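Reading the structure
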Amino acid sequence: MNKKAALITDINGQDGSYLAEFLLEKGYEVWGTVKRNSISENQTVRIDHIMNDINLEYADMTDMASLIRILQVSKPDEIYNLAAQSHVRISFDQSIYTSQVVAIGALNLLEAAKLICPKAKIYQASSSEMFGNNIDGDGFQREWTPMNPVSPYGCAKVFAYNIGRNFRHSYGMFISNGILFNHESPRRGSNFVTAKVVKAAVKIKKGLQDSLELGNLNASRDWGHAKDYVECMWLILQHDKPEDFVCSTGISHTVKDLVKYVFDKLELDWENYVVQNDKYLRPEELDHLKGDCWKAKHLLGWKHKYTFATMLDEMIDEEMKAYK
């Protein structure tokens, strides 16, 4: 029996690396795309340990020809579109580029798949940022909560979400959206707030840094672990029909909660080190995110294993190891 083939765009990202490991354990033939970078030394650091087990190709979401080529070569049974300019604050500074990669990039991939492998199951990485400040009366966001994004990134994700649904209904393609809330890990990029806080706190503990500048400390997010969430991605494509699913923990914490937990864990008083800098504030803030993942739990049998605390503990432990 031939192995199932899976293609992961942005396989060298946080989610892509964990998903690649997960699919390899499931016996898949794993293909992945990376964007050409003139400084390639650190580009594959998250996947260096599995390089001999995966098939890596250059491709760009804004270059449909490259997507057609990789689909022809990989012949995927499943496609996981994880590629994006994924930093929300930066999307205000690079709104056109973000839209081209996230929105038009998703359309390019769907058009390419329609031509080359219309029977492939496609996972589109959607985001809680699509909801903006809309929230249901009980304090949760779910699959039917109205979407009113407050960032270029969120707007682009709404387009990708809707074009996926349109192709699903128009052409009978198996396209599912995973509406993932914030998810972190030791592999998180250093300019995301969880990694930024952990790295700075460890440096302060080691006497290598004096302070930490942050933006909105009152922003509230539903944080989970990327390792749990890639399992949800896979389960979404194993469902008997294409649907859209929220993936979350159902518990939110503020940035201040995050800071306090990390600094307390390192026996530091965060108020002695953390200062607010307006340059890290968004032009339009998103105040509160908390997802209801009832559908994923009951239809897919998914459940998250990590808590807010165990996720941060792992990030702190891994960062501390770097200094030993």
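All of these numbers come straight from a predicted model, not from anything done at the bench.

About the cut-offs
- Residues numbered from 1 in each chain as written.
- Predicted model: local features only at pLDDT ≥ 70, side-chain atom pairs only at ≥ 80, totals over all residues.
- Heavy atoms only, no water.
- Helix = DSSP H or I, 4+ residues; strand = E, 2+ residues; numbered from the N terminus.
- Core = buried A, V, L, I, M, F, W, Y, C linked by side-chain atoms within 4.5 Å.
- Buried < 20%, exposed > 50% of the residue type's maximum accessible area, 1.4 Å probe, protein only.
- Contact = heavy atoms within 4.5 Å.
- Pairing = 2+ DSSP bridges.
- Right-handed = clockwise from strand over helix to strand, strands pointing away.
- Axes fitted to C-alpha atoms, helices over the stretch in contact; angles between N-to-C directions.

We now examine unusual backbone geometry. Even without glycine at this site, K75 takes up a positive phi of about 45°. Among the secondary structure elements, K75 is positioned in the loop between α2 (64–74) and β4 (78–81). Positive phi values are uncommon outside glycine, yet E267 reaches one of about 60°. Here E267 is to be found in the loop between α8 (255–265) and β13 (274–276).

Membership of the largest hydrophobic core comes to 45 residues, with the highest contact counts inside it found for I8, L23, Y80, Y123 and W302. Among the elements that line this core, the one with the most residues is helix α7 (residues 226–238), at 9 residues. Excluding residues within four positions of it along the chain, Y80 makes contact with A6, L7, I8, T9, L19, L23, Y123, M233, W234, L237 and Q238. If you look at the next biggest cluster of nonpolar residues, it comprises 27 residues, including A201, A219, V262 and L268.

Counting buried positions over the 5 residues of strand β1 (residues 5–9) gives 5, a clear majority of the element. Neither face of β1 is exposed, since A5, L7 and T9 on one face and A6 and I8 on the opposite face are all buried. Of the pairings in the sheet, the one linking β1 to strand β2 (residues 29–34) comprises 5 bridges and is parallel in character. Pairing of A6 across the sheet is with V30, part of β2. With helix α1 (residues 14–25) bridging β1 and its parallel neighbour β2, the resulting β-α-β unit is right-handed. Sheet topology places β1 next to β4; 4 bridges connect them, and they run parallel. Following the sheet pairing, T9 is matched in β4 by N81.

Pairing within the open sheet is parallel, and its 7 strands lie in the order β3-β2-β1-β4-β5-β6-β11. Sheet topology places β3 (54–58) and β11 (245–247) at the edges, where each strand pairs with a single neighbour. Here the average twist between neighbouring strands, direction ignored, is 20°. Pairing geometry for strand β6 (residues 175–180) and β11, over 3 bridges, is parallel. Bridge pairing in β11 links I179 to V246. Relative to β6, helix α5 (residues 152–171) is tilted by about 150°, and along the sheet it contacts β5 (121–127) and β6. α7 contacts β4, β5, β6 and β11 of the sheet and is inclined by roughly 140° relative to β4.

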